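Chain and residue survey
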Amino acid sequence: MQPAGSGHAPVHLQRFSVAFDYPVVFCRGAFDPAEPTLAWAISRREPERRHRVYVVVDSGVAQAWPDLAQRFGAYVERYQTMLEWVGPLDVIVGGEAAKNDMALVTELHGRFARERLDRQSTVLVIGGGAVLDAAGYAASITHRGLRVVRMPTTVLAQNDAGVGVKNGVNATGVKNFLGTFAPPFAVVNDLDLLSTLPTREARAGMAEAVKVALIRDARFFEWLESNAEPLAQCEPAALEVLIRRCAQLHLEHIASSGDPFETGSARPLDYGHWSAHKLEVLTGHELRHGEAVAIGMALDARYAERKGLLKPANLERVCRVLETIGLRTEHPALCQTASGRPAVLEGLQEFREHLGGNLTIPLLTDIGRFVEVTEVDEPTMIDSIRWLVERKTSSCSSTA
Ligand SMILES: NC(=O)c1ccc[n+]([C@@H]2O[C@H](COP(=O)([O-])OP(=O)(O)OC[C@H]3O[C@@H](n4cnc5c(N)ncnc54)[C@H](O)[C@@H]3O)[C@@H](O)[C@H]2O)c1
Ligand SMILES: [Zn+2]
């Protein structure tokens, strides 16, 4: 084989493929010694040997579950032929602060080294999406990849962030600027852990379910519409249906999209995310990721409606379901300006750079259907921003 147009330089095309698999298990009471799921998830590939496990925990979880170390200790004792707990319970700051501090990644490396973790060791990460992202990133670049078993503890982490193949931290003022694609070894979704999650965090996680329903599953969207009120109250039965279906749709997308490591420019499940990531940064992360996604979806729905792609009635449905769940569809940060234009628009360029290649934005054409566009008409987007803000508040015009 030779490069096109060249008469020389033979090329050997190196090609191989690697299959990935990881179980995503839903359970309750994962630390109950009578529940073998977690021990199985850690030891499933080599059940005959003892597995060294280092545990990283989100500070919000550690606070809400003060007996966690004791419970995990008792669990390890019950499964001592399979598990060995190494190191202390490593509590790291919860929330976006975990991703905003590169020093934390370095500190984790020091602790992994001190415990002499190797590629056959397991890092068990218990926490929200931010802690999973930061600790997962630290583990993925240690010895080129330690095994990570995730125990997501928020709605968003159980239905989206924790079940996928990505991790990362924020750097240079850009969301997820550093990160790797690193499928986990296993994911254990313990629904009981959600009982201590603040309502605000739980609702934020529901935004990702609305997103995946809008892009992939009209029937799921209708279910969300019918259950928006119990969901706003975090009613456990409704929450469980939402999380399971949302996780399943994300998993199906990763397995069947043909691009699990996102080498192309298209990312339909990042619907509403170009502005969401920017809004998170503009608000100094006061807006939660899911909250920003809710605003981003409403914005892109209005834009699609103005472009004649989406019926006005469907735009109203998008806004109504989000608002009934208890999510805002606007925020004063939409009115912030930079160089005379809405600062949020910078999110378009940052989104393109993050994906590489051409700008590719999914826009709804119906509930459960979308098209990808490669250009955004700025005046119409600015109009859409104003519409969102004016729908809820008096005006954006004094600052925009
Ligand atoms: N890697 C991915 O594919 C992916 C996908 C989507 C989102 N994300 C990332 O996930 C992050 C958002 O994650 P999140 O929504 O899970 O929130 P989060 O991780 O920011 O956590 C929110 C808050 O809840 C606390 N908390 C977590 N679990 C708790 C519990 N059970 N009880 C009490 N408090 C608890 C945390 O300490 C924190 O204060 C963002 O950084 C986002 O970019 C990553
Ligand atoms: Zn998201």
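Summary of the structure given here. All of these numbers come straight from a predicted model, not from anything done at the bench. (Residues numbered from 1 in each chain as written. Chains lettered and ligands numbered in written order. Predicted model: local features only at pLDDT ≥ 70, side-chain atom pairs only at ≥ 80, totals over all residues. Heavy atoms only, no water.)

Another aspect to go through is helix α15 (residues 378-392). Here α15 spans 22 Å end to end across 15 residues, near enough to the 21 Å set by a 1.5 Å rise per residue. Within α15, the full set of buried residues consists of Thr380, Met381, Ser384, Ile385, Trp387, Leu388 and Val389. Contact partners of the buried residues in α15: α11 (273-282), α12 (289-306), α13 (312-325) and β11 (341-342). (Helix = DSSP H or I, 4+ residues; strand = E, 2+ residues; numbered from the N terminus. Expected span 1.5 Å × (residues − 1). Buried < 20%, exposed > 50% of the residue type's maximum accessible area, 1.4 Å probe, protein only. Contact = heavy atoms within 4.5 Å.)

We now examine the nonpolar core. Counting 68 residues, the largest nonpolar core has Val210 and Leu214 as its most contacted members. Examining the composition of this core, we find that ten residues originate from one element, α12, more than from any other. Trp65, Phe72, Val76 and Ile126 belong to the second largest nonpolar core, which has 27 residues in total. (Core = buried A, V, L, I, M, F, W, Y, C linked by side-chain atoms within 4.5 Å.)

If you check the shell around ligand 1, you find 25 residues, and the closest are Asp58, Glu96, Gly129, Thr154 and Thr196. At 2.7 Å, a backbone N or O of glycine 129 approaches an oxygen atom of ligand 1. For ligand 1, an oxygen atom lies 2.9 Å from a polar atom in the backbone of alanine 130. Calculation on ligand 1 without its partners gives an accessible area of 880 Å², and the protein chains cover 89% of this total. With four residues, helix α6 (residues 155-161) is the largest single contributor of residues to the shell around ligand 1. In the shell around ligand 1, the residues fall into eight nonpolar, nine polar and eight charged. (Near = heavy atom within 4 Å. Polar contact = N/O pair within 3.5 Å; in protein donor to acceptor, adjacent residues only side chain to side chain. Areas by Shrake-Rupley, 256 points an atom, 1.4 Å probe, with all protein chains shown as cover. Nonpolar A, V, L, I, M, F, W, Y, C, P; charged D, E, K, R; others polar.)

The subject of this paragraph is the coordination of the zinc ion (ligand 2). Donor atoms from the polypeptide that bind the zinc ion (ligand 2) are Glu208 (OE), His273 (NE2) and His289 (NE2), placed at 2.0 to 2.1 Å. All donors of the zinc ion (ligand 2) come from a single chain, and their spacing in sequence reads E-x64-H-x15-H. Highlighted residues: glutamate 208 in helix α7 (residues 199-216) and histidine 289 in helix α12, separated in sequence by 81 residues. Both residues of the pair, glutamate 208 and histidine 289, belong to the buried class. (Donors = N, O, S within 2.8 Å, 3.2 Å for Na, K, Ca; no water.)

Glancing now at the packing of aromatic side chains. Taken as a whole and judged by the stated rule, the model has seven aromatic pairs. Measuring from ring centre to ring centre gives 5.7 Å for tyrosine 54 and phenylalanine 112, while their planes differ by 85°; the resulting arrangement is edge-to-face. One end of the pair, tyrosine 54, is in strand β2 (residues 51-58); the other, phenylalanine 112, is in helix α4 (residues 102-114), and 58 residues separate them in sequence. Each member of the pair, tyrosine 54 together with phenylalanine 112, is buried. Centre to centre, the rings of phenylalanine 220 and tryptophan 223 are 6.1 Å apart; their planes meet at 20°, and the pair counts as stacked. With phenylalanine 220 and tryptophan 223 both in helix α8 (residues 218-226) and three residues apart, this pair spans about one turn of that helix. (Phe/Tyr/Trp six-rings, centres within 6.5 Å; stacked < 30°, edge-to-face > 60°.)

Checked against the element boundaries, glutamine 233 lands in the loop between α9 (228-232) and α10 (236-256). Linking glutamine 233 and isoleucine 325, residues 92 residues apart in sequence, is a C-alpha distance of 8.2 Å.

This brings us to the pairing of strand β12 (residues 361-366). Relative to strand β13 (residues 369-373), β12 runs antiparallel, the two being bridged by five bridges. Counterpart to leucine 364 in the pairing with β13 is phenylalanine 370. Where β12 folds back on β13, the antiparallel hairpin that results is connected by two residues, among which glycine 368 adopts a positive phi of roughly 90°. (Pairing = 2+ DSSP bridges.)

On the secondary structure map, serine 140 appears in helix α5 (residues 129-140). Along the primary structure serine 140 and glycine 129 are separated by eleven residues, whereas in three dimensions their C-alpha atoms are 16 Å apart. With residues up to four places along the chain from it excluded, the contact list for serine 140 reads Gly145, Asn167, Thr180 and Ala182.

Here the focus is the packing of α7 against α8. Contact geometry of α7 with α8 gives a least axis separation of 7 Å together with a crossing angle of 140°. Considering the angle they form, α7 stands oblique to α8. From α7, Ala209, Val210, Val212, Ala213, Leu214 and Arg216 reach across to α8, where they touch Ala218, Phe220, Phe221 and Leu224. In the contact of α7 with α8, the residues fall into nine nonpolar, no polar and one charged. (Axes fitted to C-alpha atoms, helices over the stretch in contact; angles between N-to-C directions. Parallel < 35°, antiparallel > 145°, perpendicular 65-115°, else oblique.)

For the rest of this paragraph, the subject is the packing of α8 against α10. Axis separation between α8 and α10 bottoms out at 12 Å; the angle between their running directions is 160°. As judged from the angle between their axes, α8 and α10 are roughly antiparallel. In the crossing of α8 with α10, the sense of the turn from one axis to the other is left-handed. Across the interface between the two elements, Phe220, Trp223 and Leu224 of α8 pack against Ala238, Val241, Leu242, Arg245, Cys246 and Leu249 of α10. Classifying every residue of the contact of α8 with α10 gives eight nonpolar, no polar and one charged. (Left-handed = near helix turned anticlockwise from the far one by under 90°.)

Let's shift gears to unusual backbone geometry. The backbone of asparagine 176 shows a phi angle near 55°, a positive value even though the residue is not glycine. Structurally, asparagine 176 can be placed in strand β8 (residues 174-178). One non-glycine residue with positive phi stands out, namely histidine 285, at about 65°. Checked against the element boundaries, histidine 285 lands in the loop between α11 and α12.

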